[in-house]
Amino acid sequence: MRLHRFTLFQRLFHLLLMVSFLVQATTGVGRMYAETNFGKVLLTPFGGFYNALVWHKLVGIFMLVLFGVHLIYIMIVALRLRERSIMGPDSIIPNRMDMRMMVNHLGWMVGRNKIPPFERWGYWEKFDYWAVFWGMVIIGGTGLFLYDPLISSAIMPGWTINVAFWIHRIEAILAMAHVFLIHFAIAHLRRHNFPMDRAMFAGGADLESAKEERAAWISRLEQEGRLNNLTSRDTSLPGLVVSYLIGFSAILLGLYVIIGGIVNFRYVTW
Amino acid sequence: MRKKTLCLLVIAAVILLPDPSIGQEEVASRYYHYRSTEMSTGIYEEYEVRPRGIHALFDGDKERQRDAGISRSDESESRAWNRLFLNDSHRGIAFYEYRRCVDCHPGNAQNRHTVRYGITCRQCHGGEPIASINHYFSRLNPIRQHTHVCSKCHSGAKASFALYAVHEPNPARASTIDSIPFLFYAFWIMVAIAVLTFALFIPHTFMWIVREIFHREKKQREE
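In what follows, the accompanying structure is described. (Residues numbered from 1 in each chain as written. Chains lettered and ligands numbered in written order. Predicted model: local features only at pLDDT ≥ 70, side-chain atom pairs only at ≥ 80, totals over all residues. Heavy atoms only, no water.)

On to the overall build of chain A. Within chain A, the regular secondary structure consists of 11 helices and 3 strands. Order of helices (α) and strands (β) in chain A, N terminus to C terminus: β-α-α-α-α-α-α-α-β-α-α-α-β-α. The principal-axis extents of the C-alpha atoms in chain A amount to approximately 60 × 40 × 40 Å. Taking all 270 residues of chain A together, 46% fall into the buried category. Carbon and sulfur atoms provide 71% of the accessible area of chain A, an area that totals close to 14,100 Å². For chain A, the separation between the mean place of its 25 positive charges and that of its 17 negative charges on side chains is 2 Å. (Helix = DSSP H or I, 4+ residues; strand = E, 2+ residues; numbered from the N terminus. Buried < 20%, exposed > 50% of the residue type's maximum accessible area, 1.4 Å probe, protein only. Areas by Shrake-Rupley, 256 points an atom, 1.4 Å probe, with all protein chains shown as cover. Lys, Arg positive; Asp, Glu negative; His and termini not counted. Charge placed at Lys NZ, Arg CZ, Asp CG, Glu CD.)

Moving on: the state of the cysteines. Overall, the coordinates contain 0 disulfides over all chains when judged by the stated rule. In this structure C104 of chain B is a free cysteine whose sulfur lies 8.5 Å from that of C101 of chain B, the closest cysteine sulfur available. (Disulfide = S-S within 2.5 Å.)

By volume, the second largest pocket amounts to about 910 Å³. Mapped onto the lining of the second largest pocket, the elements with two or more residues apiece are α1 (8-32), α7 (159-189) and α11 (237-263) of chain A together with α5 (112-115) and α10 (181-222) of chain B. Ranked by residues supplied to the lining of the second largest pocket, first place goes to α7 of chain A with 8 residues. When the residues that make up the lining of the second largest pocket are grouped by side-chain class, the tally is 26 nonpolar, 8 polar and 3 charged. A domain-level breakdown of the lining of the second largest pocket finds at least three residues from each of domain 1 (24-168) and domain 2 (170-223) of chain B. (1 Å grid on protein atoms, 1.4 Å probe; cavity = no way out; pocket = protein on both sides within 12 Å on 5 of 7 lines; lining within 4 Å. Points joined across faces, edges and corners; volume = space filled by probe spheres on them. Nonpolar A, V, L, I, M, F, W, Y, C, P; charged D, E, K, R; others polar. Domains from an automatic or database assignment.)

All names here are of chain A. Here α7 is 31 residues long and its end C-alpha atoms lie 43 Å apart, about the 45 Å a rise of 1.5 Å per residue gives. The sharpest bend along α7 comes to roughly 30 degrees, located at V179. Burial analysis of α7 places 23 of its 31 residues in the buried class, the great majority of the element. (Expected span 1.5 Å × (residues − 1). Bend = angle between axes of the 7 residues up to and from the residue.)

Further remarks concern the sheet that holds strand β2 (residues 205-206) of chain A. Residues and elements named next belong to chain A. Read across the open sheet, the 3 strands follow the order β2-β1-β3; overall the sheet is antiparallel. Only two strands of the sheet have a single partner each, and these edge strands are β2 and β3 (231-232). Of the pairings in the sheet, the one linking strand β1 (residues 2-3) to β3 comprises 2 bridges and is antiparallel in character. The partner of R2 across the bridge, within β3, is S232. (Pairing = 2+ DSSP bridges.)

In this structure, R31 of chain A sits in helix α1. Buried charge without a salt bridge: R31 of chain A, with E35 of chain A as the nearest opposite-charge side chain at an N-O distance of 11 Å. One polar contact links the side chain of R31 of chain A to the main-chain carbonyl oxygen of F49 of chain A, over a distance of 2.7 Å. Look past the residues within four positions of R31 of chain A in its chain and what remains in contact with it is L43, F49, Y50 and L53 of chain A together with R116 and Y117 of chain B. (Salt bridge = Lys/Arg side-chain N within 4 Å of Asp/Glu carboxyl O. Polar contact = N/O pair within 3.5 Å; in protein donor to acceptor, adjacent residues only side chain to side chain. Contact = heavy atoms within 4.5 Å.)

The next thing to look at is the interface of chain B and chain A. Counting from both sides, the interface comprises 47 residues of chain B and, opposite them, 48 residues of chain A. Here chain B and chain A share an interface that buries about 4,400 Å² over both sides, 69% of which is from carbon and sulfur atoms. Put simply, E35 of chain A and R116 of chain B hold a salt bridge, and the shortest N to O gap is 2.9 Å. Joining chain B to chain A, the criterion identifies 16 residue pairs in polar contact (both at pLDDT 80 or more). When contributions to the side of chain B that touches chain A are tallied by element, the ones reaching two or more residues are α2 (30-41), α5, α8 (159-162) and α10 of chain B. If one sorts the elements of the side of chain B that touches chain A by residue count, α10 of chain B sits on top with 26 residues. Taken together, the residues that form the side of chain B that touches chain A break down as 28 nonpolar, 10 polar and 9 charged. (Buried area = accessible area lost by both parts, 1.4 Å probe.)

Given below as structure tokens:
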């Protein structure tokens, strides 16, 4: 049996974010490494050094629009809560419980206690969400500032372009390393999810392993009598194939970018 | 009594009357100058500062006139020129003609315009002679950098735009605090955030992956 952790709308958002993030990573890293063959390979599908910047800017604007729509979405979600608290168990907002969960989780890793029962969102998932949120603000903000240096230098002194550029760069490296190493390892590599956590794609999460990891959430769903509405049979073969195809191509691209980036690091004029 | 009034009048005149017309405008910050004058008027030439009339001091001596106001130009006085203010910053440098810019200025070649966009040094610094940045009539003098250099390619460039550091200082170096302090601090704050994140999450993820391998094995053994 499979468990639906995300709505169709959330999965669509994740997919759009994922695709646009990968485009930004490819064009951005490609331009950063334009002096090396690695960078040139990345830029080729986007039409080379100058055209890649056009893609980078357009997709950047698209991501900001996506972020805007997401903000509207959060507001609607918050309004529909009515008298229920926004700090409830379904909330993505970190609370004191997450701190304790993290300590217990680390304790489990070193063999001091049993695995803690997670609620709907693990603390690492909350961190992922807010990391993207603030990353969006920082990269999106500096990106918008760099969009047209002539306009931005009319608002702020020109040297702020140098500053914005470096913030943009470092935050992008942080985001890519986090997604391509940590996020991918958690969603694909660890035994619980191996070879891929399909919660965000067709079919949903595996119910048995969710029971093990998210015991608190599952028992809450059972108590509220909602569990049956959220479970279903696995998807048919096409859905499975497409999910794996998307997931594994993202991993391949991500690893290529990370490894190429590290190997070619010293050949670039920063 | 009359002496006192006279003194007071002179002091009041010095304080209250505007500076004499020969007084030159000086600004400490190119950015505030830009905001207070150029941004509203769009005119930049009015504020240009011409060199003081120093030529009269070297009446007739063309050689000395050329270098006037530059610092020592008298060859008998064996002191180096202050190359920051020469009209030909390479004047007197042996074998200059036979070398490339990057041979002597390797650091300056490491800028994005040259490395990425293929702009040559001369497209910005101009033909011979290459004036020092701060020479009165240098095209790269801050007061006209944007009109005479940047706007050749970036049409509509303003003085603020020219404050962009083409030869960007290394943001990691402490010396950057002197040129663009924000760059230095922003760089290290961002690096600190990144290092903290990874110091936490890389060991965390690694331990997690290792732990889960054993978790399943234990369970299987129990069954």
